[in-house]
Amino acid sequence: MQTPIEKLPATDWLEAATPQEILRWAVTTYRDKLTMATAFGAEGCVLLDMLAKIRDESGLFPDVFNLDTGYQFGQTLSLKTQIEKKYGIQIRAVAPDEGIVAAEARSQSERGGPLYKSDPNECCHWRKVAPLAGAVAGFEAWITAIRRDQTPERAQAPIVGPDKTYPLVKINPLANWSREQVWDYIAAHGVPTNPLHGQGFPSIGCWPCTRPIAAGDDERAGRWAGTEKRECGIHLARR
Ligand code: SF4
C-alpha cells in the first residue's frame, strides 16, 4: 500500500495559489485524514478563519489540535475557548508525553530546577515533539502555519511536501505570506488573536520561554531568548 507521500499528486501549481485555494485543495483531497496543529499564533488564527469559511461552502473541516504543554499563557488558553465558540469547533488538547514526569524529577534532583531551565530541548521533546507523534497518528496530511520569512530555517519550506519526520504530507498554506499580509487579513475579517501580540509578543509559545521583543528584533527573537535555540523541534527533521 502506498504511503501518503508516495501517492501525493503533482502540486507545483499550489506555489502560486492563495492560502484559501491551498486549504480548499487540502480539505477536499484529505478530508478526515487531514489535521492541523496550532498554538493560536496570528497565522494559525488566520488559517482557522479561512477554514471556517471553506467549511461554510464545502461542509468539510479538518481535525485541529493544540500541543498543551502545561506552560501556555492564560491568554492563549482563553483564545482557544474564544475560537472554539466563534467557529463552533472543538480543538484537541494534546498532553505532554508521560516521559516528562521522570525527566522533570531528574531535572529537579540533579540540576535543582525545572527542565525548561536545565534542558529546554529535552523539555520541548517531552512536551511537544513526542506528543506530536501520537497527535498525527492515523492522518495522511497536516497543516501548519509557518511562513518562509520568519526564520532562515523556515525559508525553504515548501507549500506542500513530505514531512521530514513522519510519513505525512505537510501543508504550509501561508509559506508565501508576509507578516503584513497576515495582519491585513486579521483586520479585514475580524479574526480573534492573542492580546499578547499587542504587548510586544509577535511570536508566542510557553510563558517560561517567551519574552517581548524590542523594536528591530526579528519576530522570533523573544523565543528562548539568550540561547541558540530557535525551534521547539516539531518543524525540524528528527535525527
Ligand atoms: S517552550 Fe519552554 S516550557 Fe515549552 S516545552 Fe519548550 S522548553 Fe518547555
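All values reported here derive from a predicted model rather than from experimental measurement.

**Student:** Which residues make up the side chain of Q72, and what values do they have?
**Tutor:** Positionally, Q72 belongs in the loop between β2 (63-67) and α3 (74-87). According to the relative accessible area criterion, Q72 is buried, its value standing at 11%. Of note is the side chain of Q72, whose polar atom sits 2.9 Å from the side chain of N66. Looking at Q72, its side chain comes within polar contact range of the side chain of D68, at 3.2 Å. Setting aside anything within four residues of it in sequence, one finds Q72 in contact with N66, L67, L77 and W207.

**Student:** Requested: an account of the site of the ligand, with residues and values cited.
**Tutor:** Around the ligand, the neighbouring residues are Y71, Y116, P120, C123, C124, R127, K128, C206, C209 and W224. Comparing atom positions with the cavity grids shows the ligand to sit within the second largest cavity. The greatest single-element share of the shell around the ligand, amounting to five residues, is contributed by helix α6 (residues 120-136). Grouping the amino acids of the shell around the ligand by side-chain chemistry returns eight nonpolar, no polar and two charged.

**Student:** Which residues make up the packing of helix α4 (residues 99-111) against α6, and what values go with them?
**Tutor:** Relative to each other, α4 and α6 sit at 160°, their axes nearing to 9 Å. The orientation of α4 with respect to α6, classified from their angle, is roughly antiparallel. By crossing handedness, the relation of α4 to α6 is classed as left-handed. Here G99, I100, A103, E104, R106 and R111 of α4 lie close against α6, whose contacting residues are E122, W126 and R127. For the contact of α4 with α6, the class distribution of residues is three nonpolar, one polar and five charged.

**Student:** Account for the sheet that holds strand β1 (residues 34-37), with residues named and values stated.
**Tutor:** On the basis of which strands lie adjacent, the open sheet formed by six strands has the order β3-β2-β1-β4-β6-β5 and mixed pairing. Each end of this open sheet is capped by a strand with a single partner; those strands are β3 (92-94) and β5 (160-162). Averaged over all adjacent pairs, the angle separating strand axes in this sheet is 30°, with direction ignored. Relative to strand β6 (residues 169-171), β5 runs antiparallel, the two being bridged by three bridges. Opposite V160, over in β6, you have I171 as the bridge partner. Helix-sheet contacts for helix α1 (residues 19-30) involve β1, β4 (141-143), β5 and β6, and the interaxial angle to β6 is about 150°.

Calculation criteria
- Residues numbered from 1 in each chain as written.
- Predicted model: local features only at pLDDT ≥ 70, side-chain atom pairs only at ≥ 80, totals over all residues.
- Heavy atoms only, no water.
- Helix = DSSP H or I, 4+ residues; strand = E, 2+ residues; numbered from the N terminus.
- Buried < 20%, exposed > 50% of the residue type's maximum accessible area, 1.4 Å probe, protein only.
- Polar contact = N/O pair within 3.5 Å; in protein donor to acceptor, adjacent residues only side chain to side chain.
- Contact = heavy atoms within 4.5 Å.
- Near = heavy atom within 4 Å.
- 1 Å grid on protein atoms, 1.4 Å probe; cavity = no way out; pocket = protein on both sides within 12 Å on 5 of 7 lines; lining within 4 Å.
- Sits in = over half its atoms within 2 Å of the grid points.
- Nonpolar A, V, L, I, M, F, W, Y, C, P; charged D, E, K, R; others polar.
- Axes fitted to C-alpha atoms, helices over the stretch in contact; angles between N-to-C directions.
- Parallel < 35°, antiparallel > 145°, perpendicular 65-115°, else oblique.
- Left-handed = near helix turned anticlockwise from the far one by under 90°.
- Pairing = 2+ DSSP bridges.

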